[in-house]
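Residue strings, one per chain:
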Amino acid sequence: MVKYCDMNDRQRKVYTSVYNGWYLGGKYRALLDGREKVFWADSLPILYNEVDKWYARHERSHGHAQLLVKCVNAL
């Protein structure tokens with residue numbers, strides 16, 4: 001993971017959403033402009049990397065929308 005001060009705008013948006021939604025390892029759900037994806041992660045860096053990859057695929061058409069990441073089921 002890159003230092004926060006070295007992140008670009010996309011990475012900061014994803015990091016902020018993941019950090020605000022992080023609770024414990026478990027099942028997480030990301031929501032972006034009507035799109036939804038479920039992730040399993042046991043650490044913050046793993047969740048960040050997975051959400052970042054997913055968000056990068058949708059950034060062009062949905063980058064303006066709010067990204068929400070929340071814990072669905074903690075382990």
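Computed from a predicted model, the values in this text were never measured in an experiment.

Re helix 1 (residues 9-21)
Taking 1.5 Å of rise per residue, 13 residues should cover 18 Å, and helix 1 covers 18 Å from first to last C-alpha, within 8% of that figure. Inspection of helix 1 places Arg10, Gln11, Val14, Tyr15, Ser17, Val18 and Gly21 among the buried residues, and these make up the whole buried set. In an axial view of helix 1, the angular spread of the buried residues amounts to 165°, which keeps them on one side of the axis. Turned more than 90 degrees off the buried face of helix 1, the exposed positions are Asp9 and Asn20. Its side-chain oxygen at 3.1 Å from the backbone nitrogen of Arg10, Asn8 defines the N-terminal cap of helix 1.

Examining the sheet that holds strand 1 (residues 26-32)
Hydrogen bonds between backbone groups are what pair the strands of a sheet, and the pairing can be parallel or antiparallel. Judged by pairing direction, the sheet is antiparallel, and its 3 strands sit side by side in the order 2-1-3 without closing on themselves. Looking at which strands have only one partner, the edges of the open sheet turn out to be strand 2 (35-41) and strand 3 (67-74). The mean angle between the axes of side-by-side strands here comes to 25°, regardless of whether they run parallel or antiparallel. Of the pairings in the sheet, the one linking strand 1 to strand 2 comprises 7 bridges and is antiparallel in character. Across the sheet, the residue bridging to Gly26 is Ala41, located in strand 2. Sheet contacts for helix 1: strand 1 and strand 3; angle to strand 3, the most-contacted strand, approximately 30°. Seen against the sheet, helix 2 (residues 44-62) touches strand 1, strand 2 and strand 3 and runs at an angle of roughly 165° to strand 2.

Analysis parameters
- Residues numbered from 1 in each chain as written.
- Predicted model: local features only at pLDDT ≥ 70, side-chain atom pairs only at ≥ 80, totals over all residues.
- Heavy atoms only, no water.
- Helix = DSSP H or I, 4+ residues; strand = E, 2+ residues; numbered from the N terminus.
- Expected span 1.5 Å × (residues − 1).
- Buried < 20%, exposed > 50% of the residue type's maximum accessible area, 1.4 Å probe, protein only.
- Arc of directions from axis to C-beta.
- Polar contact = N/O pair within 3.5 Å; in protein donor to acceptor, adjacent residues only side chain to side chain.
- Pairing = 2+ DSSP bridges.
- Axes fitted to C-alpha atoms, helices over the stretch in contact; angles between N-to-C directions.
- Contact = heavy atoms within 4.5 Å.

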